[in-house]
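# Results of the structural survey
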Amino acid sequence: MTVQPLAELKAAAPLAGRVAIVTGSTSGIGLGIARALADAGADIVLNGLGDANMIDTVRGQLADTHSVRVDYNGADLMQADGAVRLVDDTLSRFGCADILVNNAGIQHVSPIEDFPAAKWDAILALNLSAAFHSIRTAFGPMKEAGWGRIVNVASAHGLVASPYKSAYIAAKHGILGLTKTVALEGARHGVTCNAICPGYVWTPLVENQIEDTAKARGISREDVIENILLAAQPSKKFASVDEIGALAVFLCSEGGQSITGTALPVDGGWTAQ
Ligand code: NAD
């Protein structure tokens, strides 16, 4: 039986030599996770939608700041073959895909009786099925290497529900089931699989919601934040993308080797209620 030496658990660049795919990393939480993994020494494959010049600037900054290799892969994860291609391209380019972060996601808010079927299909495809297709493709090589880290970005809405978000909440509950199953299948092979469950996190997506809601309701930004967005979050504070990134790094480090099959809330106490 081998026990990891403490020095290895505390290395300054604990993920040096690892290759990490982060889906939906052109913005928000995914970009925060990509930055944190690069800061820990991992080479990064960025993925997501957005303006080509903006993405290239982000790619260049990440590579220069952290002295790691950073690629961009524009695979559309709404399609099953996009998720497969993202992993296959990474294996061809880098020879491995040690870390897979399934983060890309979309939302639609509507009462169930009006919920468009096409939105249901799109949310399930991106927020749940894309993770199945990418994990399915990356899992064999991870098993063979005897080391792998899979992190699924779920949500507090993977643990509890709110009205009008049927597809999102079904997908986020679903990804927690997928996480547990993959954890059991990887447990004897050095492959862990965990879910991070953020409450409200400060991203461009949320910033836009604040402005729009304040205008629509004729109330102040502070009212929107305190009484609408953070109503369920006892800390009354947004989590930052850096906090989510720090947790992802820990889960991917040697210190996280026995943590698997979990759903970790980063929600200021929301799901403790
Ligand atoms: P965001 O809109 O800032 O980022 C979403 C990312 O997904 C972007 O990079 C976007 O380009 C990418 N994407 C969208 N469609 C895609 C497609 N077809 N193929 C590939 N990539 C695609 O949102 P965010 O707030 O950073 O959310 C990221 C994840 O975190 C999502 O899964 C979301 O459900 C989850 N989450 C967010 C919050 C929050 O408060 N922001 C809370 C809980 C969970």
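Residues numbered from 1 in each chain as written. Predicted model: local features only at pLDDT ≥ 70, side-chain atom pairs only at ≥ 80, totals over all residues. Heavy atoms only, no water.

## A closer look at helix H5 (residues 117-145)
Selection rule: Only DSSP runs of H or I reaching four residues or more are called helices, and only runs of E reaching two or more are called strands; each is numbered from the N terminus. Expected helix span is taken as 1.5 Å per residue step, with the number of steps being one fewer than the number of residues. To get the bend at a residue, fit one axis to the 7 residues ending there and another to the 7 starting there, then take the angle between the axes.
Taking 1.5 Å per residue, 29 residues should reach 42 Å; H5 reaches 41 Å between its end C-alpha atoms and fits that length. The largest bend along H5 measures about 45° and falls at Ser129. Once H5 finishes, Gly146 follows within two positions and takes phi at roughly 75°, a positive value.

## Let's talk about the state of the cysteines
Heads up, the rule is: Two cysteine sulfurs form what is called a disulfide whenever their separation falls within 2.5 Å. A 1.4 Å probe rolled over the protein chains alone gives each residue an accessible area, and that area as a share of the maximum for its type sets the label: buried under 20%, exposed over 50%, partly exposed in between.
Enumeration according to the criterion identifies zero disulfides in this entry. Cys96 carries a free sulfur, and the closest cysteine sulfur to it, the one in Cys252, is 13 Å from it. Left without a disulfide partner, Cys193 is nearest to the cysteine sulfur of Cys252, which lies 11 Å away. Residue classification places Cys193 among the buried residues on the basis of a relative accessible area of 0%.

## Focus on the packing of helix H7 (residues 204-217) against helix H8 (residues 221-229)
Stated formally: Under this scheme, a helix contributes an axis fitted over its contacting stretch, all axes are lines through C-alpha atoms, and angles between N-to-C directions fall in the 0 to 180 degree range. Roughly parallel refers to an angle under 35 degrees, roughly antiparallel to one over 145, roughly perpendicular to one between 65 and 115, and oblique to any angle outside these ranges. Throughout, a residue-residue contact means that at least one pair of heavy atoms, one from each residue, lies within 4.5 Å. Residues are grouped as follows: Ala, Val, Leu, Ile, Met, Phe, Trp, Tyr, Cys and Pro are nonpolar; Asp, Glu, Lys and Arg are charged; all remaining types, including Gly, are polar.
Between H7 and H8, the shortest axis-to-axis distance is 9 Å and the interhelical angle comes to 105°. Viewed along their axes, H7 and H8 adopt a mutual orientation that is roughly perpendicular. Contacts from Val206, Glu207, Gln209, Ile210, Glu211, Thr213, Ala214 and Arg217 in H7 reach Arg221, Val224, Ile225, Ile228 and Leu229 in H8. Class assignment of the residues belonging to the contact of H7 with H8 gives a composition of seven nonpolar, two polar and four charged.

## So, the sheet that holds strand S1 (residues 19-22)
Where we set the bar: We treat two strands as partners when DSSP finds at least two bridges between them.
Pairing is parallel across the open sheet formed by seven strands, whose spatial order is S3-S2-S1-S4-S5-S6-S7. Here the strands that pair on one side only, and so sit at the sheet edges, are strand S3 (70-73) and strand S7 (263-266). Direction aside, the axes of adjacent strands within the sheet are offset by 20° on average. Of the strands in this sheet, strand S4 (99-102), strand S5 (148-153) and strand S6 (191-198) are in contact with H5, which crosses S4 at around 170°. Across the face of the sheet, helix H6 (residues 166-186) comes into contact with S5, S6 and S7 while running at roughly 160° to S6.

## What about the domain arrangement of the chain?
Worth spelling out the cut-off: These domain boundaries are the output of an automatic or database domain assignment. By definition, the buried area sums, over both parts, the 1.4 Å-probe accessible area that each loses when the two are put together. Any Lys or Arg side-chain nitrogen located within 4 Å of an Asp or Glu carboxyl oxygen qualifies as a salt bridge.
As assigned here, the chain comprises domain 1 (6-201 + 239-265) and domain 2 (202-238). Placing a centre on the C-alpha atoms of domain 1 and another on those of domain 2 gives a separation of 26 Å. In this complex, domain 1 contributes 10 residues to the contact, which on the side of domain 2 involves nine residues. On the domain 1 side of the interface with domain 2, the three residues burying the most area are Tyr200, Val201 and Ala239, jointly 73% of the side's total. Linking domain 1 to domain 2 there are zero salt bridges.

## Some remarks on the nonpolar core
Formally: To define a nonpolar core, start from buried Ala, Val, Leu, Ile, Met, Phe, Trp, Tyr and Cys residues and group those joined through side-chain atoms within 4.5 Å.
Ranked by internal contacts, the top residues of the largest apolar core, which has 36 residues, are Ile21, Leu77, Leu100, Ile135, Ile150 and Val182. Taken together, the elements giving at least two residues each to this core come down to S1, helix H4 (80-94), H5, H6 and S6. For this core, the leading source of residues is H5, giving 10 residues.

## Considering the pattern of salt bridges
Any two side chains of opposite charge can pair, given that their charged atoms come close. Applying the stated criterion to the full structure yields six salt bridges. Note that Asp56 is salt-bridged to Arg59, the shortest N-O span being 3.2 Å. A residue pair is termed a helical-turn pair when its members lie 3 or 4 positions apart in one helix, as Asp56 and Arg59 do in helix H3 (residues 52-66) at three residues. Note on Asp56: relative accessible area 45%, which makes it partly exposed. Close ionic contact of Arg221 with Glu207 constitutes a salt bridge, the shortest N to O distance being 3.0 Å. With Arg221 in helix H8 and Glu207 in helix H7, this pair connects stretches of sequence that are 14 residues apart. Salt bridges sharing common partners tie together Glu207, Glu211 and Arg221.

## Focus on the site of the ligand
Keep this limit in mind: Any residue with a non-hydrogen atom lying within 4 Å of a molecule or strand is treated as near it. Any pair of N or O atoms that falls within 3.5 Å is considered a polar contact. Within protein, one atom must be able to donate a hydrogen and the other to accept it, and sequence-neighbouring residues count only if both atoms are side-chain atoms. Per-residue accessibility takes into account occlusion by the displayed protein chains alone, with areas from the Shrake-Rupley method and a 1.4 Å probe.
Neighbouring the ligand are 29 residues, the closest being Thr26, Ser27, Leu49, Asn103 and Tyr168. A distance of 2.8 Å is found between an oxygen atom of the ligand and a backbone nitrogen or oxygen belonging to Val201. Taken by itself the ligand offers 830 Å² of open surface, and the protein chains cover 91% of this. Only helix H2 (28-39), H6 and H7 provide two or more residues apiece to the shell around the ligand. Its residues placed into classes, the shell around the ligand shows 15 nonpolar, 12 polar and two charged. There are two domains that each give the shell around the ligand at least three residues, and those are domain 1 (6-201 + 239-265) and domain 2 (202-238).

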